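Structural description and commentary
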Amino acid sequence: MAATDKIGAVMVVGGGISGLQSALDLADSGFKVYLVEKQPSIGGAMAQLDKTFPTNDCAMCIMAPKLVATGRHHNIDLITNADIVKVDGQEGNFTVTGKQRALRVDASKCTGCGSCAQKCPIETTDEYNENTKVRKAIFVKYPQAVPLIYSIDPEKCIGCGICAEECKADAVEYDQKEKDFEIKVGSIIVSPGFDEFDARLKAEYGYGVYQNVVSSIEFERILSATGPHFGTVMRPSDGDIPEKIAFIQCVGSRDEKVGNEYCSGVCCMYSIKEAIIAKEHGGNIKPKIFFMDMRAFGKEFEEYYNRAKDEYGIEFVRSRVASVFEDPKTKNLILKYVEKGEPKEEEFGLVVLAVGLRPPEDAEALSKVMNFSLNDDGFCETGAFTPVSTSRPGVFVSGAFSSPKDIPMTVAEASGAAAKAASEIASARDTLVTKKEYPAEIDVSEQEPRIGVFVCHCGINIGGVVKVPSVAEYARSLPNVVYAEENLYTCSQDTQEKIKQMVKEHNLNRVVVASCTPRTHEPLFQNTIKEAGLNAYLFEMANIRDQCSWIHMHEPAAATKKAKDLVRMAVAKSRLLESLENLTINVNQQALVVGGGASGMVAALELAKQGVKVHLVEKEKELGGTLLKLHYLPSGDDPVEYVQSLAKEVASDPNITVYTGKKVKSIDGYVGNFKTTLESGEEMEHGTVIVAVGAQEYKPDGEYLYGKNPGVMTLLEFKDKLKKGEVKGDSYAFIQCVGSREEGHPNCSRVCCTGTMTAAIKVKEKDPDAKVFVLYRDIRTYGFREKYYKEAAEKGVTFIRFEDGTKPQVEDKGGKIEVRVTDEDTGKEVVLTPDNLVLAAGTRPSDGSEELAPMLKVPITKEGFFLEAHMKLRPVDFATEGVYVAGLAHGPKFLDECIGQGLATVSRAMTVLSKTTLEAEGIVAFLDETLCDGCGICVPTCEYKALEIVPDKKDEKKKTLDINVGLCKGCGACVGACPSGALTQMGFSDEQIVAMIDAALEDAAENQEVKQ
Amino acid sequence: MSSTTPSAQSEEKAEGEDFEPKIIVFCCNWCSYAGADLAGVSRMQMPPHFRVIRVMCSARVDPEFVLRAIQKGADGVLVAGCHPADCHYIGGNYRTRRRIALLRILLQQFGYDPDRLRLEWISAGEGEKFQKTMVEFTKTIEEIGPSPMRGGD
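Residues numbered from 1 in each chain as written. Chains lettered and ligands numbered in written order. Predicted model: local features only at pLDDT ≥ 70, side-chain atom pairs only at ≥ 80, totals over all residues. Heavy atoms only, no water.

1. Some thoughts on the overall build of chain A
When helices and strands are tallied, chain A shows 24 helices and 52 strands. In terms of overall size, chain A behaves like a compact globule, its C-alpha atoms giving a radius of gyration of 30 Å where 1012 residues would be expected to give roughly 31 Å. For chain A, the spread of C-alpha atoms along the three principal axes comes to 90 × 80 × 80 Å. Across the 1012 residues that make up chain A, the buried fraction comes to 63%. Taking the intrachain contacts of chain A between residues at least 6 apart in sequence as the baseline, contacts between residues at least 24 apart amount to 70%. Summed over its atoms, the accessible surface of chain A is roughly 38500 Å², and 49% of this surface lies on carbon and sulfur atoms. (Helix = DSSP H or I, 4+ residues; strand = E, 2+ residues; numbered from the N terminus. Rg over C-alpha atoms; globule rule 2.2 N^0.38 Å. Buried < 20%, exposed > 50% of the residue type's maximum accessible area, 1.4 Å probe, protein only. Contact = heavy atoms within 4.5 Å. Areas by Shrake-Rupley, 256 points an atom, 1.4 Å probe, with all protein chains shown as cover.)

Take a look at the structure:
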């Protein structure tokens, strides 16, 4: 197909967190995006969550900026309340037809004010709150919904006409008809998410019969500040706060009887999270979690699990609950279960069923319309090496639709799918996008400050502690404040419109928002005031949530006083704010990839496909990394063949320069302008860096006779022997968690359980009579990998569970290996004498990580893996712009996940490399030359070598300072050191900070009595 | 959240202490400010007598800022930055360390208890350390008493 036939637009189907990420990446790298969502608003499942594990971040707080960014992005068209009808054409050039169901409200007129819903007489159950609350027949899904447009529920509306009368914007259109639409796109990404398992199908747990048995997603809403009881944990039958809460795991997962054999992968962690939050909500709540295997396999998940046990006192019972009965008098619930062989009964006030994930209801319809295949479980089919590709070329997939998965893996895949979608149509980049136009900036330099203050309730996050109305009232009394108001959510889309409107109405030339932290929300509000014609730097924030209402929850009076002080300080700084100009940085459109394993090669190849010149540096002599030693994949695919074909492709790609057997010596520079030197002397310039340095298998230090008896080996060593046919004997014991989940290395290495299944199955395939034992603590074959656990068991592999604290004892008896282990189920000691003892050794960071991290100024975890910018929503980014991480360097994971992350880094890097220039921060150092006498004290304080003492052009006898603003990072170290006050940090000037200090201490000064 | 809204507290007068310390906290944007946010996200409770001023790097904290705060009646000043070797700006925190050491000597020479000024390293992951630091520092200041600028000695 000719390049001109390619269409520079992508359709993303499904507006959950996955679709948002894909859409934002693509729109930020030169493609037009149509985001098609079946519901009236985007946000998906994540918008319903109260908190997220393992950081307990508030889900809406971290998601809202992405929701708003998507809603306001000028290159993303939202098509909500819509279904896809037909997809014609082929990769690069599709024609999509669809239908947009009637909202019965004119989207162009509705302001989202909600007065219609207040007057609507019809109440019905609220799906967003999982029917724990009511909504009206005219409604929005949730308060922060994007787009914030009301719609009429055709099933419930009685057509009384009250809403139409009430609507001042004349937006209600009862007779609105559904609309057909047709769009032309080059690639398609499907990310419709998942549905929850219907717990009614597990009749023995009484869901739908007993009022106090709720599903985990219902409980999530009960926990939420925006839920039915504003975050108070009340049980449905009588509104009592339950003391004992039982969580039952694997409801609709790992359960042949209901037809779902797979593990849903997320329920263990979300139950721990819900238990922790429930406990935080009230001191007397005692959660107990009934589980089969605790699958805390992700990055730092095990530590979260440990904290739940040790710090929160949450109880864990290893048992599949047999049945639940209600005491009809108290409405309490009696659980029947077997623990360590003994039948038990226990009474609880509330039961939470950890429902699994199943394919979305419309999966089959979608697969037929789009013509791609589903797998046996009804999820979208993908390949071991193609985790984001469907069976139809040009149609890609991400998120829980291809397999149950958590948010970080979903977000990485969403970026990965965006990379594949973009590669397909790379030649049509920048053909259909428009540049964001802001109104001309108002010159405020001669104006008296006119400050607007917006104080956020954040639901009840702030308002439940701080008296927000009195803070707003107080703000009005401050000098130069001409307007102040309070908002339910200052970050919601409607408030952004309100802010712009108020800037206009009151001629505001400074804006202060008192809400959460500037670290997450400043860019959002800065963009808003830019849209209102103000310079972004005329914005200031007061953090009255994270650093006030949340940390002084039991002192409302003191918290309110503090909030007022913080607002006064922000206003004091705001008064002195000036417009700043963002510098333009030229972008070198080449990339550096460090590490030539699967993740690095996948990234390099995909960048090359998009026309980027790539430098790929690998410290070993051969490309391939860990995969070369893996030999077997559980799916039966050959990893060595795969990685060798990648290496061949890399070697023959004209866009990729390979440096094997080479190490990085130094990396200097900043986003768009890095310069790297190798130890062997080669130099290269590039705009972004992808870290894909991999990891290594732990080599046990004498533990379990490793290195002392030739029959003891690690899993990778065993697979190598197996491949070469060098394995001796016919009995095998595998010990799990060697060097993982223990002191010093508290987290799970994620891959060893499945790796063990793969090896055990291979052994059994070769010799069905082989005696194979697996000694484990929890089997963590999450997702579809559960089938390998089942297969191993069916092939006769014996599983013996040992207690966390009692490791198996291994002794050398005259050259023979003897393993003693206490079987937790029976309490009896088992003695094994295997010919082969295989240690499922954990994953350790790559040796070079500690040297590389400081070169890039990026952090590593205490275990030595690279630490991403945000565990949930920025899984492959670093806080340092232009630097990304993929694969094992980020933490243990499977090949498909590495490939997903490798592709994800490409998508993230292309948001930089697709442009010739970037806008830099404006908060750089600024010199008042009249005050500088060229003393040079500042020069050594600059870590970026941005400062130089030069002769003064005006007076040759004098010296002065030259600042290279391209190198300046805006730390202000030089400013703090300058003895003459000649240096200023823009946005953090001496005057501004002093004004804040003075404002903070205003009432201290009033009481001042100087004692001499 | 029922536990968050205890009733019957007067709006203007905070709970029963005669001396309400005034503490200014300078936090760097990348580590300690994030650590303070994390303390909030984790709902770690602490005394409400401090006010945080965000700077990009602890090295931005000009000695003048500390002296200004003391002059205006602050009973204590805390400067919080990234851990050594962890500074987002490579080595800004080392300069801060030297500056604070000198400033403490200076304060003492002017008759102030040098413990009114404290430096702490708090990472983005150390919400708990932020909490502990605030609890302890508040206690220290309560023990030292009001600043001479506010009538203490």
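Having put the structure on the table, let's press on.
2. Digging into the sheet that holds strand 12 (residues 179-185) of chain A
All names here are of chain A. Strand order in the open sheet formed by three strands is 6-7-12, with antiparallel pairing between adjacent strands. Edge positions in the sheet fall to strand 6 (82-90) and strand 12, since each has one partner strand and no second. Across the sheet, the mean angle separating the axes of adjacent strands is 20° when strand polarity is ignored. Across seven bridges, the pairing between strand 7 (residues 93-100) and strand 12 is antiparallel. The residue bridging Q100 from the neighbouring strand is K179, located in strand 12. (Pairing = 2+ DSSP bridges. Axes fitted to C-alpha atoms, helices over the stretch in contact; angles between N-to-C directions.)

3. With respect to the nonpolar core
Soluble, globular proteins show a tendency: their nonpolar side chains are buried together. Formed by 118 residues in total, the largest nonpolar core has its most connected members in A:M46, A:I138, A:I189, A:V511 and A:L607. Apart from the residues lying within four places of it in its own chain, the contact partners of A:L607 are A:A591, A:V593, A:V612, A:V614, A:I690, A:V906, A:A909, A:M910 and A:L913. (Core = buried A, V, L, I, M, F, W, Y, C linked by side-chain atoms within 4.5 Å.)

4. Section: the state of the cysteines
For the structure shown, the criterion picks out one disulfide over all chains. Paired by a disulfide, B:C31 and B:C82 hold their sulfur atoms 2.5 Å apart. Looking down the S-S bond of the B:C31 and B:C82 bridge, the torsion is 95°, so its handedness is right-handed. In this pair, B:C31 is assigned in the loop between strand 1 (23-28) and helix 1 (32-41) and B:C82 in the loop between strand 3 (76-81) and helix 3 (92-109), connecting sequence segments 51 residues apart. Taken individually, B:C31 and B:C82 each receive the classification buried, so the pair is uniform in this respect. Not engaged in a disulfide, the cysteine A:C160 finds its nearest cysteine sulfur in A:C163; these two sulfurs lie 6.3 Å apart. (Disulfide = S-S within 2.5 Å.)

5. Things to note about the interface of chain A and chain B
A common measure of how large an interface is: the accessible area buried when the components associate. Of the residues lining the interface, 71 residues belong to chain A; the matching set on chain B comes to 63 residues. Taken together, the connections running from chain A to chain B amount to seven salt bridges. When the shortest N-O distance is used, the salt bridge between A:D998 and B:R68 registers 2.5 Å. The tally of links from chain A across to chain B stands at 21 residue pairs in polar contact (both at pLDDT 80 or more). Contributing elements (two or more residues each) for the side of chain A that touches chain B: helix 6 (267-281), helix 12 (518-531), helix 13 (545-549), helix 14 (556-575), helix 22 (973-977), helix 23 (990-1000) and helix 24 (1002-1006) of chain A. With ten residues, helix 14 of chain A is the single largest residue contributor to the side of chain A that touches chain B. Partitioned by chemical class, the residues of the side of chain A that touches chain B number 29 nonpolar, 22 polar and 20 charged. (Salt bridge = Lys/Arg side-chain N within 4 Å of Asp/Glu carboxyl O. Polar contact = N/O pair within 3.5 Å; in protein donor to acceptor, adjacent residues only side chain to side chain. Nonpolar A, V, L, I, M, F, W, Y, C, P; charged D, E, K, R; others polar.)

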